[in-house]
Structures are given as C-alpha cells and as structure tokens.
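Listed here are the chains, written in short residue letters.
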Amino acid sequence: MNNKSLELQRKNTIETISAQIPRHSLAQYPTPLRPAKQLSEYLSGPELWFKRDDLISFGFGGNKIRGLEVMLADALAQGADTLITGAGVQSNHVRATAATAAYAGLRCIAVYWGNQPAQVDGNYRLTKLLNAEFRFTQSDDRDSVDAMINAVAEVQRWNDVKPYAIPRGGACAMGVLGHVLAVFELYQQCLSQGVEPDAIVLAVGSGGTYAGWLLGIRLLNLPWKMLCYTVSREPEQVSQQVADLATQAAALLKLDWTFCAEDTPVFGGFIGQGYGIPSPEAAEAIKQIGRSEGILLDPVYTGKAMAGFLHGLRNKQFEQHKKIIFVHTGGEPAFFAGNGDWLNSSPTAEQ
Ligand SMILES: *Cc1c(COP(=O)(O)O)cnc(C)c1O
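Note that the structure is predicted; figures quoted are calculated from it, not measured.

Conventions used here
- Residues numbered from 1 in each chain as written.
- Predicted model: local features only at pLDDT ≥ 70, side-chain atom pairs only at ≥ 80, totals over all residues.
- Heavy atoms only, no water.
- 1 Å grid on protein atoms, 1.4 Å probe; cavity = no way out; pocket = protein on both sides within 12 Å on 5 of 7 lines; lining within 4 Å.
- Points joined across faces, edges and corners; volume = space filled by probe spheres on them.
- Helix = DSSP H or I, 4+ residues; strand = E, 2+ residues; numbered from the N terminus.
- Domains from an automatic or database assignment.
- Contact = heavy atoms within 4.5 Å.
- Buried area = accessible area lost by both parts, 1.4 Å probe.
- Salt bridge = Lys/Arg side-chain N within 4 Å of Asp/Glu carboxyl O.
- Buried < 20%, exposed > 50% of the residue type's maximum accessible area, 1.4 Å probe, protein only.
- Pairing = 2+ DSSP bridges.
- Axes fitted to C-alpha atoms, helices over the stretch in contact; angles between N-to-C directions.
- Core = buried A, V, L, I, M, F, W, Y, C linked by side-chain atoms within 4.5 Å.
- Nonpolar A, V, L, I, M, F, W, Y, C, P; charged D, E, K, R; others polar.
- Near = heavy atom within 4 Å.
- Polar contact = N/O pair within 3.5 Å; in protein donor to acceptor, adjacent residues only side chain to side chain.

**Let's talk about empty space enclosed by the protein**
The gaps left among the atoms become clear once a water-sized probe is rolled over them. Under the defined criterion, the tally for this structure stands at one cavity of 30 Å³ or more. Taken as a whole, the largest cavity holds about 410 Å³ of empty space. In this structure, the largest cavity is lined by 34 residues; those nearest its centre are Lys64, Gly169, Gly205, Ser206 and Tyr301. For the lining of the largest cavity, the secondary-structure elements that each account for two or more residues are helix 3 (64–77), helix 4 (92–104), helix 7 (173–193), strand 7 (199–204) and helix 8 (208–220).

Shown next, in the form of structure tokens:
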C-alpha cells in the first residue's frame, strides 16, 4: 500500500474508532511534542523527542486525565454521583480522580493502602484540598485496596448512593480507551510536524496506559516499537496485565482481538528498592534531563523509565532507531512530598 492510501486508511480508522469512544473533555489537546535538542546531541544516538502529557491542562495533569475523560463520560451516562478509587497516598491517579469528581460535581472517595500518614504533602495534600473523603485499608498489601474499593461501593449502594468504582491506579478497559486516543493524537501531530518516530518510551505502573498505546498502534498499523519500563510489578506479571487490559479494551470496540504477554514486552531492572521509592539512578536521570532540557521528570515513574532508557542507549540497545519519543506522563507533585534528600543520592556503580 502506498503512503497516501495508508494515511487515508488511518484517517478513517481514527474517525470511526474515536466516534465509538464517549469522552467528557477535561483538558486541551494536543499536548506539545518537542525535540530534546541538547540531550540528542549529547547522546549522539537517536534523535529524542518529548510528548508532554505532564502539561495536560487539568488537575496537575499527567496521563491519568486521558483515562478519566472516558470514565467520567461512562460514569455520567450511568447516573453515578460518586467516584470511588484508590492506590497509595502519593497517587497521581487518586489526585486526578479527585479533581475530575470536583469538576463534574461528584463526590470522591479515595481508598489508600496502609495507615493515615502523619505528613500531609505532595499528591496527598492536593487530594485532601480537592475534598476527597479517605479510607485506609490498614494493610501494606496493595491488593487490599481493590477489596476495599468494592466493599465501599457496596455500602454506598445500600445507602442509595450511585457509586462508580474505578480499579486501583485507574487500570480498566474503559480507561485504556483514553490512551488509544492519545496514540491518534500523537500520530496526527507527527504528520503535521513531519516527525517519523520508530519507537515510543513509556513508564509502566498498573498497565492501562501501555495497553492503550499498544491497541492504538495496532489499530493504525504504525511502525512504532514500544520501549516500556516497569516501575512497580515484575515484568512478566505486568506484561500479562497489559495484554489482558488491551484485549478487554478491544472488546469494548467490538474487536475480537486477543493480546498475549509476547505482544507486550516490558523492561525490568529499574524499580530500585520498590514502587514509589526514588532510586539513585532515577535521581541522576532526573537531574540530567532537567539540566539539559528544562524538563522535570518525576521520581516514581518517568525518572525510573528514563534511567532505564539512558542505560539502554549507553549499551547501544537502540541503534536501529532513528527517532524516539519519550512520553512524559507527569507526576511532578512527587517533588513536593518528603524532604527531597533522594535527589542527592548518586548511583554507586555503573550498571
Ligand atoms: C500512572 C502513571 C504512569 C503509568 O500508568 P499506568 O497506566 O498505571 O501504567 C506513568 N507515569 C505517571 C506519572 C503516572 O502517574
């Protein structure tokens, strides 16, 4: 197929699929796509670009807003009056959900694992000011959040409240569709800016974002390879979760497509001591990108993904790629949690 007819086919797909995804607009798109000039020069490898989803113009931004636009449309269509979700106290997703609920005039109930922390800072401070109500599971097991979200929703139903439960981290098929639209957006932006990427770098947490990118790329038949770094679960576990979410989201679009873990490779090795604990490698990457581009990555997601990606570049893993786009998914409120001492830690040895 020649370029023009492929473009036309993609345009048609974007029209038909977008029309199947109801969405309640919260922000302005497209988010900027900008070259990282100094960094590209310094690395003297592929040309690097940033897709600035951290600049999404609502509720402190970040990728979670894209999923929430679709979930909000679904919640309102169902007549919901309360959004219930959960994660850890520093969750970007919970903060974004609290902002979404406030905007739409809904209640928000946030379920957090563990106990109420003494310190009210970062995302927790923002979520509080947005007037979310809190429940703590009093267990460090993160799965305890899912159980409590369902239990809280059940109790609310008895009380004649119409809750809309969003799984931990926002990872659900409905939310995945919001990220499919992000792929459509970036494709159109690349066309108009004359950028032809061959790979996309993404930080992976609960997997909904990656699932949407995978599905979007498959729908448009784009030659974009996903380079994904897990910041939370082990790679095998998260690969399966991403594949399952992509399959479920495809079903919402009436597509009988099945994805498996081989379709969703994930790089491991850059989680550090655990989810949400900043690593010295991430601190190093954050300083490097900040100082060369004026772009602030976050310590929980994008900093770790960038640490992994820079490590790959140094080891000539991506020689076959000419242009790579790093999706900056947000998370900056983490800079305002804790004392920031982690920024001064340095990697002990070259990996
Ligand atoms: C949640 C999040 C991600 C990962 O998204 P998932 O859909 O959970 O995989 C990446 N970056 C930031 C800043 C996030 O808040």
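Text resumes after the structure shown.
**Some thoughts on the domain arrangement of the protein**
With domains assigned, the protein is organised as domain 1 (3–61 + 172–344) and domain 2 (64–170). Averaged C-alpha coordinates put domain 1 and domain 2 at centres separated by 24 Å. At the interface, 34 residues of domain 1 touch 27 residues of domain 2. Both sides together, the interface formed by domain 1 and domain 2 hides about 2600 Å², and carbon and sulfur atoms give 60% of it. At the boundary of domain 1 with domain 2, the tally comes to three salt bridges.

**Focus: the environment of Glu281**
Within the secondary structure, Glu281 is located in helix 10 (residues 280–293). The class of Glu281 is partly exposed, set by a relative accessible area of 24%. Distance from Glu281 to His328, taken between C-alpha atoms, is 17 Å for residues 47 residues apart in sequence.

**Notes on the sheet that holds strand 4 (residues 107–112)**
Taken in spatial order, the four strands line up as 5-4-3-6 in an open sheet, and their pairing is parallel. For this open sheet the edge positions go to strand 5 (133–136) and strand 6 (163–165), each flanked by a neighbour on one side alone. Strand-to-strand, the axes of this sheet are offset by a mean angle of 25°, without reference to chain direction. Note that strand 3 (residues 82–87) and strand 4 share six bridges and pair parallel. Looking at the pairing, Thr82 lines up with Arg107 of strand 4.

**Describing the nonpolar core**
Membership of the largest hydrophobic core comes to 68 residues, with the highest contact counts inside it found for Trp213 and Trp224. For this core, the element with the most residues is helix 7, which contributes 12 residues. When residues of this core are assigned to domains, at least three map to each of domain 1 (3–61 + 172–344) and domain 2 (64–170). Once residues within four sequence positions are removed from consideration, Trp224 is found in contact with Val183, Leu186, Tyr187, Cys190, Pro197, Asp198, Ile200, Trp213 and Ile217. With 30 residues, the next largest nonpolar core counts Leu39, Ala203, Ala285 and Ile286 among its residues.

**Observations concerning the layout of surface pockets**
Of the volumes computed, that of the largest pocket is approximately 350 Å³. Arg10, Tyr187, Leu191, Val195 and Glu196 are, among the 14 residues lining the largest pocket, the residues nearest its centre. Sorting the residues of the lining of the largest pocket by element identifies helix 1 (3–19) and helix 7 as the ones contributing at least two each. Tallying contributions element by element places helix 1 first for the lining of the largest pocket, with four residues. Here the lining of the largest pocket is composed, by residue class, of nine nonpolar, two polar and three charged. Taken as a whole, the second largest pocket spans an internal volume of roughly 300 Å³. Around the second largest pocket, the lining is made up of 19 residues, and of these Gln90, Gly276, Val300, Ala334 and Ala337 lie nearest the centre. When grouped by side-chain class, the residues that make up the lining of the second largest pocket number 10 nonpolar, nine polar and no charged.

**What about the site of the ligand?**
Taken together, 14 residues sit near the ligand, with Lys64, Gly205, Ser206, Thr209 and Thr329 positioned nearest. The side chain of Lys64 places a nitrogen or oxygen atom 2.8 Å from an oxygen atom of the ligand. Contact distances for the ligand include 3.3 Å between an oxygen atom and a backbone N or O atom of Gly208. Of all the elements in the fold, those that place two or more residues in the shell around the ligand are strand 7 and helix 8. Among the residues forming the shell around the ligand, the class breakdown is three nonpolar, 10 polar and one charged.

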